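# Understanding the architecture of this molecule
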Amino acid sequence: MAGVNICIKCSMFIFNFVFWLCGAIILSVAISIRAGKIGQEIFTPGDANLSPFIAVNILIFVGAVIMILGFLGCCGAMKENQFMMILFFIGLLMILLLQVAAGILATARKSKAEQALNKTLLMNARLLSSTNENERVFQKAFSELQEELKCCGLVNGASDWGSNFRHYYKTCECPRESDSCIKYSGKTIYKQSCYASISHMFSKHLFIVTALAFGLAAIEVLGLIFSIVLYCQMRKK
């Protein structure tokens with residue numbers, strides 16, 4: 001029985017170490033998505049209630065909790081501490097249920113998230129033509145983003161900039177004439193607006209979040225099985 005117990009303990013420790021690493025990876029990926037250009041420059045603080053990145057915020061919380069649970073699981077397995085194992089089991093079960101609920105909610109509200117994205121982009125498109133000094137920070141940040149994405153304007157192309165185009169046209173300019181470029185106000189600029197690129201990046205981020213959630217759920221089920229087996233072994237000892 002001792003050999004089986006040692007085998008289970010080692011398996012549980014290895015699992016929890018991997019589980020802790022998964023939490024660290026999820027936390028770092030979620031933070032990088034949330035703190036990236038799309039999160040900081042397109043979704044302004046005033047749009048917080050509309051931001052489709054609410055799922056990423058939940059993932060940041062989940063990643064942090066997973067790291068704590070992984071530590072508890074490692075300590076509980078090595079020290080054969082039943083209290084730690086119970087905390088680990090309850091915490092893991094709650095996280096799993098939260099993910100299932102969040103997955104169902106995300107599926108049901110997918111269209112609303114897309115509507116929120118569209119509404120936010122349309123609202124922010126109007127900020128590009130604003131002459132208010134308060135909008136200069138957003139305009140400068142967006143001009144850097146459109147240079148990186150090789151696009152111009154947010155929804156309707158260069159016309160979104162209005163009279164501000166003369167200040168920010170350089171980040172819209174094509175390095176050479178091609179099918180992806182057009183003439184506007186005497187300048188050769190990117191024909192495509194940034195809307196399509198941002199929507200693609202949003203879909204890509206959503207896929208990453210969903211893949212992480214499903215992969216994590218599979219690991220969590222395995223963790224629950226390990227914790228039950230180890231706890232039963234502790235009770236028999």
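Note: the structure precedes this text.
Notes on the structure follow. Bear in mind the structure is a predicted one, so any value in this text is a computation, not a measurement.

## Here's the deal with the packing of aromatic side chains
Summed over the entire model, instances satisfying the criterion amount to five aromatic pairs. Seen in terms of ring centroids, Phe165 and Tyr184 are 5.0 Å apart; in terms of plane orientation they differ by 80 degrees. Their pairing is edge-to-face. Separated by 19 residues along the polypeptide, Phe165 in helix α7 (residues 165–168) and Tyr184 in strand β1 (residues 181–184) bring together distant segments of the chain. Taking relative accessible area as the criterion, Phe165 reaches 6% and is therefore assigned buried. Put simply, the rings of Phe138, Phe142, Trp161 and Tyr168 touch in pairs and so form one group of aromatic residues. Here the basic side chain of Lys187 rests over the ring of Tyr169, its NZ or CZ set 4.4 Å away from the ring centre.

## Focus on unusual backbone geometry
A negative phi holds for most residues other than glycine; trans holds for most peptide bonds. The backbone of Lys150 shows a phi angle near 60 degrees, a positive value even though the residue is not glycine. In this structure, Lys150 sits in the loop between α6 (136–149) and α7. Although it is not a glycine, Ser185 sits at a positive phi angle of roughly 50 degrees. Counting through the fold element by element, Ser185 comes out in the loop between β1 and β2 (187–190).

## Re the state of the cysteines
Applying the stated criterion across every chain, the model contains three disulfides. With its sulfur 2.1 Å from that of its partner, Cys152 forms a disulfide with Cys172. On the sign convention where negative is left-handed, the bridge of Cys152 and Cys172, at about 85 degrees about the S-S bond, is right-handed. Residue Cys152 is located in the loop between α6 and α7, and its partner Cys172 is located in the loop between α7 and β1; the two are separated by 20 residues in the primary sequence.

## Examining the nonpolar core
Note that soluble globular proteins tend to have their nonpolar side chains buried in a common cluster. Residues Phe142, Cys152, Leu154, Trp161 and Phe165 are the most contacted members of the largest nonpolar core, which totals 24 residues. Going through the elements one at a time, α5 (110–128), α6, α7, β2 and α8 (195–236) are the ones with two or more residues in this core. A total of five residues in this core trace back to one element, the largest contributor, which is α5. Apart from the residues lying within four places of it in its own chain, the contact partners of Cys152 are Gln146, Gly157, Ala158, Trp161, Phe165, Cys172, Ile189, Tyr190, Gln192, Ser193 and Cys194.

## Topic: the environment of Met234
In this fold, Met234 is placed in helix α8. In this structure the C-alpha to C-alpha distance between Met234 and Ala77, which are 157 residues apart in sequence, comes to 9.6 Å. Other than its neighbours up to four places away in sequence, Met234 contacts Gly76, Glu80, Asn81, Gln82 and Met85.

The rules behind the values
- Residues numbered from 1 in each chain as written.
- Predicted model: local features only at pLDDT ≥ 70, side-chain atom pairs only at ≥ 80, totals over all residues.
- Heavy atoms only, no water.
- Phe/Tyr/Trp six-rings, centres within 6.5 Å; stacked < 30°, edge-to-face > 60°.
- Helix = DSSP H or I, 4+ residues; strand = E, 2+ residues; numbered from the N terminus.
- Buried < 20%, exposed > 50% of the residue type's maximum accessible area, 1.4 Å probe, protein only.
- Lys NZ or Arg CZ within 6 Å of the ring centre and 35° of its normal.
- Disulfide = S-S within 2.5 Å.
- Core = buried A, V, L, I, M, F, W, Y, C linked by side-chain atoms within 4.5 Å.
- Contact = heavy atoms within 4.5 Å.

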